[in-house]
Amino acid sequence: MTTHLLSADHRLPGLDVVARLGAVAPGLGPALMAAVPALRGIVVLSTCNRLALLLDADSWADTGCPAALDTVTLHSGLVPAAATQAATEPGAAGAEAGTETGAEHQAPSDLGRAVSDLLAERAGLAPGSLHLTHLAGAPARREMLAIAAGLSSMVVGESQIVGQVRRAAETAEAEGTLSPDLVRVVERASAAARRVAHETELSGQGRSVVAVGVEQAARHLPPLEGCRALIVGTGSYAGATVAALRARGLTDIAVYSASNRAETFAAGHDLRPVPADALGRAMSRADLVVTCRGVGGPVLTADVVAPVAAERLRPGGSASRDADRTATRPLVILDLALTRDVDETVGALPGVIHLDLAGVRDAVPAAEAQQVAAARAIVEAEAADFECTLAGRAMDPLITALRAQVGRVVAEEVARLRPQPARRLALAVPAVDGRAGTGVNGVNSADAAAGACPRSHAASPADVEPGLESHPEADGEPMVSLAQAERALNHLAARLLHQPTVMARRAGQEGREEAYRQALELVWGLETAGESLD
């Protein structure tokens, strides 16, 4: 198998394109699986600043084989050099995000073009215009670990991303697109994120898109402890917004939802729900409005906001409803939705300050270099250990074949011990004290070596199972049951296979899998194809 990671984020091609792609993310996994036969699994990660596709593909997916790319029309253009340079040479933003991608892994492939074209078609983009960053093999898995650890996020070190990765895997499992190989990648990515959280101070600094946005909004308001907030929408950032506001001391929070989910969300977070027809009144009494709806078109247009802003600024209007509030206090609107909840024209209204994700991105403070370096070191160590583990797993087909062959031999020997009517069964090995045992059909071992012929016996009830079940002893020696003999043979097989299995794993981890494979195939006569991981 080969792991691929195709992504679009806030750096390349930018938030506007990411918003278009995020709108078509639901159901994308099954659609790609149906369109590209070479895919064996896919996890779709859609957040406010990226769309990432983690793919598990057959190793021949990038050969251009028509069977691999069946129903997808490929474009013939290549990624422009400028785009490749932007993706592989992190500037200030790239350095903060911790991207470490080589140009040799950025070259477009048939699989990458197939997926890009299908995604562009779904998002209504021009054919050939979507250029996704494409990593394959070990670099793809390493970048997935970095993403889960928050090192590739718009806010480096954010803690929400690892939960989003896990939820993306859960969605893939529900949709039937989560392969075992992708499960391993996601599990290792989660483990790397946990180490970064526990061993560095990045996640302990409250770093998140929501926290940075609230901090930016607070600069235009008096102390938040005395302010009122209105949350519009119950999307993925709504809960994080409530937590961020309360952490800053703002507790007077209302929630509005155009989809009638306000009451349920309010009950779960101890908020005040706003009736569906009372959005304007709720905005009039709020100092800060945070939108995190993220579906459909803008819910706060100039037509909706203008009357509220004018009323707030009118002498004696709602802006002077409290003695300690000035009549000129602006209405601060923070739009955290990837697909804009607030029309861009709202920012031009008098008395309104409009903040959006682009502004949040520009306001992100640089993370402490020492903490980022420590987090990157953890990700690199986890990635290296993961690759070592996967190299050992490359020997699985050979180990499986070896165990199957030994299992067949054991099964044949067990079959020889089973009762066989119409002929006498007896011990075929000498006793431990040197006495010759009786061979099959009555020939002892010494006579058999001399070429003696078997003696015929008439069938009788005593001949069906002599000694094995009817008599506890034969010739003074204790007998074992068929079940005991079978267990003993299987235990012997397991002991014999232990060391070859351990050495096979080690050979895979040390890059000697082919030599070990050839040696084992020569000694055991095995025929295994073996599958390349990348």
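Residues numbered from 1 in each chain as written. Predicted model: local features only at pLDDT ≥ 70, side-chain atom pairs only at ≥ 80, totals over all residues. Heavy atoms only, no water.

**Student:** When you look at the overall build of the protein chain in this model, what are you seeing that I'm missing?
**Tutor:** A count of helices and strands for the protein chain gives 20 helices and twelve strands. For the protein chain, with 534 residues in total, the buried portion stands at 46%. Counted over contacts in the protein chain with a minimum sequence separation of 6, partners at least 24 positions apart contribute 71%. For the protein chain, the exposed surface amounts to about 25000 Å²; the carbon and sulfur share of it is 55%. (Helix = DSSP H or I, 4+ residues; strand = E, 2+ residues; numbered from the N terminus. Buried < 20%, exposed > 50% of the residue type's maximum accessible area, 1.4 Å probe, protein only. Contact = heavy atoms within 4.5 Å. Areas by Shrake-Rupley, 256 points an atom, 1.4 Å probe, with all protein chains shown as cover.)

**Student:** Explain the environment of L135 here, please?
**Tutor:** Position of L135 relative to the elements: it lies in strand β4 (residues 133-136). On the accessibility criterion, L135 (3% relative accessible area) is buried. In sequence terms L135 and L6 are 129 residues apart; their C-alpha atoms lie 6.6 Å from each other.

**Student:** Can you help me understand the pattern of salt bridges in this one?
**Tutor:** Side chains that differ in charge, positive against negative, can pair when their charged atoms come close. The tally for this structure, following the rule as stated, stands at 20 salt bridges. For R50, the salt bridge identified is with D9, shortest N-O distance 3.9 Å. In this pair, R50 is assigned in strand β3 (residues 50-57) and D9 in strand β1 (residues 2-9), connecting sequence segments 41 residues apart. Here R50 matches D9 in class, with each residue buried. Residue E382 pairs with R188 through a salt bridge whose shortest N-O separation is 3.4 Å. (Salt bridge = Lys/Arg side-chain N within 4 Å of Asp/Glu carboxyl O.)

**Student:** Would you mind showing me how to read helix α2 (residues 28-35) here?
**Tutor:** Every α-helical turn comprises 3.6 residues, leaving residues that sit three or four positions apart pointing alike. Buried within α2 we find L28, G29, L32 and A35. All buried residues of α2 lie within an arc of 135° about the axis, which places them on one face of the element. As for α2, its buried residues are in contact with β2 (39-47), β3, α5 (110-123) and α7 (160-175). (Arc of directions from axis to C-beta.)

**Student:** Help me understand the sheet that holds β2, please; the structure alone is not making it clear to me.
**Tutor:** Neighbouring strands of a sheet are bound in pairs by backbone hydrogen bonds; such pairs are parallel or else antiparallel. Spatial ordering of the open sheet is given by β2-β3-β1-β4, a layout of four strands whose pairing is antiparallel. The sheet is open, and its two borders are formed by β2 and β4, each paired with just one other strand. Pairs of neighbouring strands in the sheet enclose a mean axial angle of 15°, with direction left out of account. In the sheet, β1 pairs with β3 via eight bridges, with the strands oriented antiparallel. Looking at the pairing, H4 lines up with L55 of β3. (Pairing = 2+ DSSP bridges. Axes fitted to C-alpha atoms, helices over the stretch in contact; angles between N-to-C directions.)

**Student:** Please clarify how the pairing of strand β9 (residues 331-335) should be interpreted in this entry.
**Tutor:** Along any regular strand the residues' side chains alternate between the sheet's two faces. Across the five residues that make up β9, a large majority, five, are buried. Every second residue of β9 is oriented toward a common face, with L331, I333 and D335 on one face and V332 and L334 on the other, all of them buried.

**Student:** Could you clarify how one ought to interpret the pairing of strand β8 (residues 288-291) in this entry?
**Tutor:** What you see with β8 is no split at all: L288 and V290 on one side and V289 and T291 on the other are buried throughout. One ladder, built from four bridges, connects β8 with β9; its direction is parallel. Note on β9: the bridge partner recorded for T291 is D335.

**Student:** How should I be thinking about the nonpolar core in this particular structure?
**Tutor:** The nonpolar side chains of soluble globular proteins are, as a tendency, buried together. With 66 residues, the main nonpolar core has L21, L53, L119 and V209 as its most contacted residues. Not counting chain neighbours up to four residues away, the residues in contact with L53 comprise H4, L5, L6, L28, L32, I42, V43, V44, V115 and L119. In terms of nonpolar packing, the next biggest core, distinct from the first, is built from 37 residues, L135, I147, A172 and L202 among them. (Core = buried A, V, L, I, M, F, W, Y, C linked by side-chain atoms within 4.5 Å.)

**Student:** Even after reading the chapter, I still don't get the side chain of D356, so can you show me in this structure?
**Tutor:** Inspection of the secondary structure assignment puts D356 in the loop between β10 (352-355) and α14 (357-363). What makes D356 buried here is its relative accessible area of 18%. Setting aside its immediate chain neighbours within four residues, D356 contacts D335 and R340.

**Student:** What should I look at first to understand the environment of V212 in this one?
**Tutor:** Structurally, the position occupied by V212 is in helix α9 (residues 209-218). V212 gets classed as buried once you look at its relative accessible area, which sits at 10%. Separated by 149 residues in the primary sequence, V212 and R361 have C-alpha atoms spaced 8.6 Å apart. Residues contacting V212, with those up to four places away along its chain left out, are V155, V360, A363, V364 and P365.

**Student:** Please clarify how the confidence of the model for the protein chain should be interpreted in this entry.
**Tutor:** Do not read the predicted coordinates in detail wherever pLDDT is low. Here the protein chain averages 77 in pLDDT, and 72% of its residues register 70 or above. Under a pLDDT of 50 for its full length, residues 319-324 has, in the predicted model, 15 contacts with residues more than four places off or in other chains. pLDDT under 50 marks residues 422-471. Its contacts with residues more than four places away, or in other chains, come to 54 contacts. (pLDDT = per-residue confidence, 0-100.)

**Student:** Looking at this structure, I do not really get unusual backbone geometry. What am I missing?
**Tutor:** Only a minority of non-glycine residues have a phi that is not negative, and only a minority of peptide bonds are not trans. Note the cis peptide between L12 and P13, where omega equals 5°. Looking at where P13 falls in the secondary structure, it is placed in the loop between β1 and α1 (15-23). You will see that N260, though not glycine, has its phi angle at about 65°, which is positive. By relative accessible area, which is 62% here, N260 ends up exposed. Positive phi values are uncommon outside glycine, yet D270 reaches one of about 60°. Positionally, D270 belongs in the loop between α11 (262-269) and β7 (272-273).

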